[in-house]
Amino acid sequence: LTRTGLKQAVALGADLRARYVDTDADSASAVRGSRLLPSEWSAARRLVVARSTLVERTVYTAQGVLSGLYPDSAADECAEVELNGAPHDEWMVLTDVNCARLQQLFGQGLSLAAANRDAAQQQVVEHIDTG
């Protein structure tokens, strides 16, 4: 995750805090009106679940959002992100494991790349292939 991406995640968490956190509520039962969450992470931890794929950048993004949502608690206790899935289940990551059309396109790309290699590039590929 880039620094910019982490800043954006924290900013998103801050926006969510402004919209959904009742800053005067110290418990879930004290939340008023259109707000959904109490002001402290210790009171909200059973109400908020951050889920992420197994991709490192998405884990950091989820932690950044939580950090913005509960900035006073984030460093100590808010870094609880539930991880879901297996690497081959990642639909947000460009992978051809579950997509025949993407396999076809990747194959075409490899063929075009191979056809347009110069001699030096071909030597590198052959060296890698032979180990």
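The sections below set out a description of the structure shown in this document. Source: prediction; values computed, not measured.

## Focus on the overall build of the protein
Inference 1: Along its length, the protein carries six helices and two strands.
Inference 2: Counting helices and strands in the order they occur from the N terminus, the protein gives α-α-β-α-α-β-α-α.
Inference 3: Expressed as a percentage of its 131 residues, the buried residues of the protein come to 24%.
Inference 4: Considering only intrachain contacts with a sequence separation of at least 6, the fraction spanning at least 24 residues in the protein is 49%.
Inference 5: Put simply, the protein shows about 9,300 Å² of open surface, and 54% of that area lies on carbon and sulfur atoms.

## With respect to the nonpolar core
Nonpolar side chains in soluble globular proteins tend to end up buried together.
Inference 1: With eleven residues, the main nonpolar core is built from Val21, Leu37, Trp41, Ala44, Val48, Ala50, Ala62, Leu66, Leu69, Tyr70 and Val81.
Inference 2: Elements represented by at least two residues in this core include exactly α2 (41-44) and α3 (56-69).
Inference 3: Top element by residues in this core is α3. It accounts for three residues.
Inference 4: Residues within four places of Val48 in sequence aside, it is in contact with Leu37, Trp41, Leu66 and Leu69.

## What to know about the packing of helix α1 (residues 3-20) against α3
Inference 1: For the pair α1 and α3, interaxial distance at closest approach is 6 Å and the crossing angle is 40 degrees. Regarding the angle of α1 to α3, the classification is oblique. For the element pair α1 and α3, the recorded crossing hand is right-handed. Two secondary-structure elements touch here, α1 through Leu6, Ala9, Val10, Leu12, Gly13, Ala14, Leu16 and Arg17 and α3 through Tyr60, Thr61, Gly64, Val65, Ser67, Gly68 and Leu69.
Inference 2: The residue inventory of the contact of α1 with α3, partitioned by class, reads nine nonpolar, five polar and one charged.

Criteria and cut-off values
- Residues numbered from 1 in each chain as written.
- Predicted model: local features only at pLDDT ≥ 70, side-chain atom pairs only at ≥ 80, totals over all residues.
- Heavy atoms only, no water.
- Helix = DSSP H or I, 4+ residues; strand = E, 2+ residues; numbered from the N terminus.
- Buried < 20%, exposed > 50% of the residue type's maximum accessible area, 1.4 Å probe, protein only.
- Contact = heavy atoms within 4.5 Å.
- Areas by Shrake-Rupley, 256 points an atom, 1.4 Å probe, with all protein chains shown as cover.
- Core = buried A, V, L, I, M, F, W, Y, C linked by side-chain atoms within 4.5 Å.
- Axes fitted to C-alpha atoms, helices over the stretch in contact; angles between N-to-C directions.
- Parallel < 35°, antiparallel > 145°, perpendicular 65-115°, else oblique.
- Left-handed = near helix turned anticlockwise from the far one by under 90°.
- Nonpolar A, V, L, I, M, F, W, Y, C, P; charged D, E, K, R; others polar.

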